[in-house]
Amino acid sequence: MNTSHSTPPGERIAKVIARAGIASRREAERLIEAGRVTVNGQKVLRAALNVTPADKVVVDGRALDAPEPPRLWLYHKPTGLVTTTRDEQGRSTIYDDLPEDMPRVMSVGRLDLNSEGLLLLTNDGELKRKLELPSTGWLRRYRVRVNGRPTDATFEPLRKGLVVEGEAFQPMMVTLDRQQGANAWITVSIREGKNREIRRAMEAVGLVVNRLIRLSYGPFQLGQLKPGAVEEIRPRVLRDQLGMKDEPEAVEAKPTRPKPQRRRR
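Residues numbered from 1 in each chain as written. Predicted model: local features only at pLDDT ≥ 70, side-chain atom pairs only at ≥ 80, totals over all residues. Heavy atoms only, no water.

As a further point, take the pairing of strand β9 (residues 116–122). Among the seven residues in β9, seven count as buried, and that is most of the element. Examined bridge by bridge, strand β7 (residues 72–77) and β9 share six bridges and lie antiparallel to one another. Counterpart to His 76 in the pairing with β9 is Leu 118. Relative to strand β15 (residues 208–217), β9 runs parallel, the two sharing two bridges. Bridging from a neighbouring strand, Glu 116 pairs with Ile 213 of β15. (Buried < 20%, exposed > 50% of the residue type's maximum accessible area, 1.4 Å probe, protein only. Helix = DSSP H or I, 4+ residues; strand = E, 2+ residues; numbered from the N terminus. Pairing = 2+ DSSP bridges.)

And the structure:
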């Protein structure tokens, strides 16, 4: 570790921790400030520090392995699972459902307990942050069943953008697909994904959501993935979709179906 005032080569330590899948970059910065990170045996208290592969970084007494290249999985989340690592109410989480041989992953955004469909998972805190940023502006498309008999005019407030409990929602794209008894099926596309946004927006126009399925997140599609199944995006596809530079150390692997295996390095 270079202790001079000049900026050493390498990467910011928080970014290295995030790429190792330990925490997001912001969480890594908090770990550093709390004195839980050492570099080459010395406690680090500032995030404005660069490290190289030659430096030994230890978080909470555990050394970081060489960070893997960013990886991304498609996961078909079933209903009845919460998108957290642990739940105070003792409910089952998505991590209880994932294959045992999955590496440590984080979800890109969330789907609530009663929602289902496509959830992106990544081993990389920086990638998670990038995909969640509002500035990314990726379209998220949902198939939604509501109780009621809406007409096309019902959705006009949603298309214009509305305020719910003081929170402004961006305009949504809403299409009425068909009426099925007391319920109607609609397709909804949004670009933000605030907490329970679709459910709250539908309530604001007098409708109750009783099923919500995410079909896509940006260029990534749920397709024919079965509930509970996991499929890894090919590294080259991931780099192409995100405009990422090729990483020489990254090994192109066949996408895992249905249980991804950790690559040996």
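Before going further, it helps to examine unusual backbone geometry. Unusually for a residue other than glycine, Asn 40 sits at a positive phi of about 55°. When you line up the elements, Asn 40 lands in the loop between β2 (37–39) and β3 (42–43). On the basis of relative accessible area, Asn 40 is assigned to the partly exposed category, the value being 35%.

Once that is clear, we can look at the confidence of the model for the protein chain. Scored by pLDDT, the protein chain has a mean of 85; 88% of the residues are at 70 or more. When the criterion is pLDDT under 50, residues 2–6 qualifies, and its contacts beyond four places in sequence or with other chains add up to one contact. Residue range residues 247–265 is modelled with pLDDT below 50. Its contacts to residues more than four positions away, or to other chains, number 51 contacts. (pLDDT = per-residue confidence, 0-100. Contact = heavy atoms within 4.5 Å.)

One open sheet accounts for four strands, arranged β3-β2-β5-β6; its pairing is antiparallel. Each of the sheet's edge strands pairs with one partner strand only, and the pair in question is β3 and β6 (62–63). Both β2 and strand β5 (residues 57–59) contribute to a ladder of three bridges, which runs antiparallel. Looking at β5, one finds that Val 39 is bridged to Val 57.

Those residues of helix α7 (residues 235–242) that sit buried are Pro 235, Leu 238, Arg 239 and Leu 242. Along the long axis of α7, the arc covered by the buried residues comes to 95°, so they all point the same way. Summarising the contacts, the buried residues of α7 are in contact with β7, α4 (125–132) and β16 (220–221). (Arc of directions from axis to C-beta.)

Glancing now at the pattern of salt bridges. Taken as a whole, this structure holds 14 salt bridges when the rule is applied. In this structure, the salt-bridge partner of Asp 60 is Arg 36, at a minimum N-O distance of 2.8 Å. On the criterion of sequence distance, the pair formed by Asp 60 in the loop between β5 and β6 and Arg 36 in the loop between α2 (25–33) and β2 is long-range, its members being 24 residues apart. Lys 194 is paired through a salt bridge with Glu 192; the nearest N and O atoms lie 3.7 Å apart. Judged by relative accessible area, which is 25%, Lys 194 ranks as partly exposed. Here Glu 192 falls in the partly exposed class, since its relative accessible area comes to 22%. Residues joined by salt bridges that share partners form a network here, namely Asp 152, Glu 156 and Arg 159. (Salt bridge = Lys/Arg side-chain N within 4 Å of Asp/Glu carboxyl O.)

If you trace the backbone, Lys 77 turns up in strand β7. Reaching out from Lys 77, the side chain makes a polar contact with the backbone oxygen of Asp 112 at a distance of 3.2 Å. Those residues in contact with Lys 77, other than ones at most four positions away along the chain, are Thr 83, Ile 94, Leu 111, Asp 112, Leu 113, Ser 115, Glu 116, Gly 117 and Leu 119. (Polar contact = N/O pair within 3.5 Å; in protein donor to acceptor, adjacent residues only side chain to side chain.)

In this structure, Leu 121, Val 144, Leu 158, Val 188 and Met 202 are the most contacted members of the largest nonpolar core, which totals 32 residues. Of all elements in the fold, only β7, β9, β10 (140–147), β14 (183–190), α6 (197–204) and β15 reach the threshold of two or more residues within this core. It is β14 that contributes the most residues to this core, four residues altogether. Non-local contacts of Leu 121, meaning those with residues more than four positions away in its chain, are made with Arg 71, Leu 72, Trp 73, Tyr 75, Ile 94, Leu 98, Met 102, Val 105, Met 106 and Ser 107. Core analysis: the second largest hydrophobic core is formed by 18 residues, Val 108, Leu 127, Trp 185 and Ile 213 among them. (Core = buried A, V, L, I, M, F, W, Y, C linked by side-chain atoms within 4.5 Å.)

With that out of the way, let us pick up the environment of Asn 40. Linking Asn 40 and Ala 54, residues 14 residues apart in sequence, is a C-alpha distance of 9.4 Å. Within the structure, the side chain of Asn 40 is placed 2.9 Å from the side chain of Asp 55, a separation counted as a polar contact.

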